[in-house]
Amino acid sequence: MRRTLLLWIVVGVLLAATTPTTVAQERSCAELLREGTVTSEPGEQLADVVGAQESAVETEINDRWFDARLANATTVEERADIVADERERIEERLETLEDCRRQLAERRRNDAVGEETVRRWRDGLETRSAVLHRRVNETAVEAGKLPATAREGHDLTPEALTDLERRIVELRESLEETARTTTPG
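Novice: Got a minute to help me understand the overall build of the protein in this structure?
Specialist: Within the protein one finds eight helices and zero strands. Out of the 185 residues in the protein, the part that is buried amounts to 39%. A total of about 10700 Å² of accessible surface is found on the protein, and carbon and sulfur atoms cover 54% of it.

In structure tokens form, the structure reads like this:
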């Protein structure tokens, strides 16, 4: 109970102190997915747990920030701008994850990383791509509430959002391929 309360307090403080530019900051591949070693030391396991919690808190902050901005929008144009900003953030994050996937594949081809590192990167990419998949679907729902002219003017057409979702699905499928090619047997 105390942990949950503490987590919500931290989320609230972070949400209150976070400006839109801070929330929208994207991190590099190396920052998103710490490079591990072939061993799984207790410190690395703790880092994985902390990284997962950090990702969960970041997701919660982004979700609440998006919802709060939509709730405070008073015009269709404001709502369209907010949804378009979210689409752009998703696209930027997707590009980072696609780059991470390419780096992982290249390093794997060159035998520059071990199985444990591949697993950790793949798991991190899968988690983050699943979050993006959910976010693009939520963005599509909000875009669907806008008039057609607002959607078209902000590149929020069903085709544009479907293309973004397709790229996320392709990333997730390529991660499954990585899992098959790096698993012994």
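Novice: Would you explain the environment of Val-113 in this entry?
Specialist: Within the secondary structure, Val-113 sits in the loop between helix H5 (76-109) and helix H6 (115-144). Filtering out sequence-adjacent residues up to four positions away, Val-113 remains in contact with Arg-107, Arg-108 and Val-118.

Novice: How should the environment of Asp-155 be read in this particular structure?
Specialist: Mapped onto the elements, Asp-155 comes out in the loop between helix H7 (148-153) and helix H8 (158-182). The exposure class assigned to Asp-155 is partly exposed, which follows from its relative accessible area of 40%. Each C-alpha atom, one on Asp-155 and one on Glu-88, is 9.8 Å from the other, the two residues being 67 residues apart in sequence. Not counting residues up to four positions away in its chain, the partners in contact with Asp-155 are Arg-87 and Ala-160.

Novice: I would appreciate a short explanation of the side chain of Arg-87 in the present structure.
Specialist: With respect to the helices and strands, the residue Arg-87 is situated in helix H5. Among the polar contacts made by the side chain of Arg-87, one reaches the main-chain carbonyl oxygen of Asp-155 at a distance of 3.2 Å. In this view, Arg-87 contacts Thr-139, His-154, Asp-155, Leu-156, Leu-161 and Leu-164; residues no more than four positions away in its chain are not counted.

Novice: Explain H5 to me, please; I cannot follow it from the model alone.
Specialist: Taking 1.5 Å per residue, 34 residues should reach 50 Å; H5 reaches 49 Å between its end C-alpha atoms and fits that length. One or two residues past the end of H5 sits Asp-111, with phi positive at roughly 55°.

Novice: Could you clarify how one ought to interpret the nonpolar core in this entry?
Specialist: Nonpolar side chains in soluble globular proteins tend to end up buried together. In terms of nonpolar packing, the biggest core is built from 15 residues, with Ile-90, Leu-94, Leu-125, Leu-132 and Ile-168 touching the most fellow members. Taken together, the elements giving at least two residues each to this core come down to H5, H6 and H8. When neighbours within four sequence positions are excluded, Ile-90 is seen to be in contact with Leu-132, Arg-135, Val-136, Thr-139, Leu-164 and Ile-168. Counting twelve residues, the second largest nonpolar core, distinct from the first, contains Leu-70, Ala-73, Ala-80 and Val-83.

The rules behind the values
- Residues numbered from 1 in each chain as written.
- Predicted model: local features only at pLDDT ≥ 70, side-chain atom pairs only at ≥ 80, totals over all residues.
- Heavy atoms only, no water.
- Helix = DSSP H or I, 4+ residues; strand = E, 2+ residues; numbered from the N terminus.
- Buried < 20%, exposed > 50% of the residue type's maximum accessible area, 1.4 Å probe, protein only.
- Areas by Shrake-Rupley, 256 points an atom, 1.4 Å probe, with all protein chains shown as cover.
- Contact = heavy atoms within 4.5 Å.
- Polar contact = N/O pair within 3.5 Å; in protein donor to acceptor, adjacent residues only side chain to side chain.
- Expected span 1.5 Å × (residues − 1).
- Core = buried A, V, L, I, M, F, W, Y, C linked by side-chain atoms within 4.5 Å.

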